[in-house]
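So the chains spell out like this:
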Amino acid sequence: MSGLDATRAELSIIVLYLKKSDARDKICRAIQYAAKFVSNGQPGTAQSIDKSTSMARKTFRLFKFINYLLAFISPTLKQTPLPLVLLGKLKNALLTIYFFLDHIVWLGRSGIYKNKERTTYLGQISLRFWMCSSTCTIIIEISEIGMLSASMKKMRKELHDADRYKVSNCITTLKNDADKYTAYNPVATLNNEADKYKDELYHNKLRRLNGRLITLIKASLDMVVAVGLLQLAPKKITPRVVGGIGFITSLISCYQLFPAPAKPKMP
């Protein structure tokens, strides 16, 4: 592939990424919280950028509550434990209400809805729903990470036992008739294929585990952001702390939305 083709391929990935409304929302969120970090709640250019970007983000989230409403009424996987199913439903319900109330906040801040006190009140209520949904996410991710870790531990033991079996089998085969055995034994071939499948399955679970760890970190930091926005601990969580942590979680969200690189084709 020439340099021009590679550049064209990279640009096409960026174009696909920017077509997502969620991606543009998270980029604006990073700008918003970076401005909040710089302003530290003080009037000035940075605070103006913070407020204007916050308003711009709301247009990217119009009718987003429908996505979570659909997830709320959709069936879940049968093997999912009931407590996790209920937590997932609760999380989707909370996010549905949060994004629905966010529409009213947008109408109030844009001047269409004239009751400023009610707009402020609904904004505070919507943030509490978002904070509760982050709590659900933390519990879900901790549970999923625990189950994945247990499954991977069991799989590691199976792979280790398989490796020991192959080593001892190889030594025995070399002592007898290695060439004939490796050429004509179909059981050895099947065992090798099964081991490759298990190894691939293990790495898939490892990728899922890493993804859930990132989501857990993001949800935990979002809890701090929500507490700061609600001013539940104003002395400890200042606007600058909120801005810094919000900027980090925004970058994590941008990373999570970026399309995975295509697997290279085998020759």
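Residues numbered from 1 in each chain as written. Predicted model: local features only at pLDDT ≥ 70, side-chain atom pairs only at ≥ 80, totals over all residues. Heavy atoms only, no water.

**Quick notes on the confidence of the model for the protein**
- Across the protein, the average pLDDT comes to 85, with 82% of residues at 70 or higher.
- Taking the mean pLDDT of every element in the protein, the minimum, 46, falls on helix 7 (residues 178-184) and the maximum, 95, on helix 9 (residues 239-257).
- When the criterion is pLDDT under 50, residues 178-184 qualifies, and its contacts beyond four places in sequence or with other chains add up to five contacts.
- Every residue in residues 186-190 scores below 50 in pLDDT, and together they form one contact with partners more than four places removed in sequence or on other chains. (pLDDT = per-residue confidence, 0-100. Helix = DSSP H or I, 4+ residues; strand = E, 2+ residues; numbered from the N terminus. Contact = heavy atoms within 4.5 Å.)

**A few points about the packing of helix 2 (residues 21-39) against helix 3 (residues 45-60)**
- Following both chains from N to C, one finds helix 2 and helix 3 inclined at 160°, their axes separated by 8 Å at the closest point. Looking at the two axes, helix 2 sits roughly antiparallel to helix 3. In this structure, the crossing between helix 2 and helix 3 has a hand that is left-handed. Contacts from Ser21, Arg24, Asp25, Cys28, Arg29, Ile31, Gln32, Ala35, Lys36, Val38 and Ser39 in helix 2 reach Ala46, Gln47, Ile49, Asp50, Thr53, Ser54, Arg57 and Phe60 in helix 3.
- The residue makeup of the contact of helix 2 with helix 3, split by class, is seven nonpolar, six polar and six charged. (Axes fitted to C-alpha atoms, helices over the stretch in contact; angles between N-to-C directions. Parallel < 35°, antiparallel > 145°, perpendicular 65-115°, else oblique. Left-handed = near helix turned anticlockwise from the far one by under 90°. Nonpolar A, V, L, I, M, F, W, Y, C, P; charged D, E, K, R; others polar.)

**Structural notes on helix 3**
- Taking 1.5 Å per residue, 16 residues should reach 22 Å; helix 3 reaches 23 Å between its end C-alpha atoms and fits that length.
- Those residues of helix 3 lying buried are Ala46, Gln47, Asp50, Thr53, Ser54, Arg57 and Lys58. Buried residues of helix 3 fall within an arc of 150° about the axis and therefore sit on the same side.
- Looking at the buried side of helix 3, the elements it contacts are helix 2 and helix 5 (82-109). (Expected span 1.5 Å × (residues − 1). Buried < 20%, exposed > 50% of the residue type's maximum accessible area, 1.4 Å probe, protein only. Arc of directions from axis to C-beta.)

**Looking at unusual backbone geometry**
- Its identity as a non-glycine residue notwithstanding, asparagine 40 has a phi of 55°, on the positive side.
- Relative to the assigned elements, asparagine 40 resides in the loop between helix 2 and helix 3.
- One non-glycine residue, phenylalanine 63, lies in positive phi territory at about 60°.
- Looking at the element boundaries, phenylalanine 63 is found in the loop between helix 3 and helix 4 (65-73).
- Given a relative accessible area of 54%, phenylalanine 63 falls into the exposed group.

**Observations concerning the pattern of salt bridges**
- For the structure on display, the rule yields nine salt bridges.
- Aspartate 50 is the salt-bridge partner of lysine 36, the closest N and O atoms lying 3.0 Å from each other. Taken together, the positions of lysine 36 in helix 2 and aspartate 50 in helix 3 put the pair 14 residues apart, joining distant regions of the chain.
- Residue lysine 36 is classed as buried on the basis of its relative accessible area of 14%.
- Here aspartate 50 falls in the buried class, since its relative accessible area comes to 8%.
- Here the salt bridges do not stand alone but share partners, grouping Asp25, Lys26 and Arg57 into one network. (Salt bridge = Lys/Arg side-chain N within 4 Å of Asp/Glu carboxyl O.)

**Points about the side chain of lysine 205**
- Among the secondary structure elements, lysine 205 is positioned in helix 8 (residues 186-229).
- A relative accessible area of 15% means that lysine 205 is categorised as buried.
- A polar side-chain atom of lysine 205 sits 2.3 Å from a polar atom in the side chain of serine 151.
- Lysine 205 has contacts with Leu148, Ser151, Met152 and Met155, leaving out every residue within four places of it along the chain. (Polar contact = N/O pair within 3.5 Å; in protein donor to acceptor, adjacent residues only side chain to side chain.)

**Details of the packing of helix 4 against helix 5**
- The interhelical angle for the contact between helix 4 and helix 5, taken along N-to-C directions, is 160°, at an axis separation of 8 Å. Here helix 4 is positioned roughly antiparallel relative to helix 5, judged by the angle of their axes. Crossing of helix 4 against helix 5: the hand is left-handed. Within the contact between the two elements, helix 4 uses Phe65, Tyr68, Leu69, Ala71, Phe72 and Ile73 and helix 5 uses Lys89, Asn92, Ala93, Leu95, Thr96, Phe99, Phe100 and His103.

**Some words on the packing of aromatic side chains**
- Throughout the structure, instances matching the rule amount to five aromatic pairs.
- Consider the rings of phenylalanine 65 and phenylalanine 100, whose centres lie 5.5 Å apart with planes at 80°: the pair is edge-to-face. Pair noted here: phenylalanine 65 is in helix 4 and phenylalanine 100 is in helix 5, with a separation of 35 residues, a long-range link.
- Under the relative-accessibility criterion, phenylalanine 100 is labelled partly exposed at 44%.
- Within the aromatic cluster, the residues linked to one another by ring pairs are Tyr68, Tyr98, Phe99 and Trp130. (Phe/Tyr/Trp six-rings, centres within 6.5 Å; stacked < 30°, edge-to-face > 60°.)

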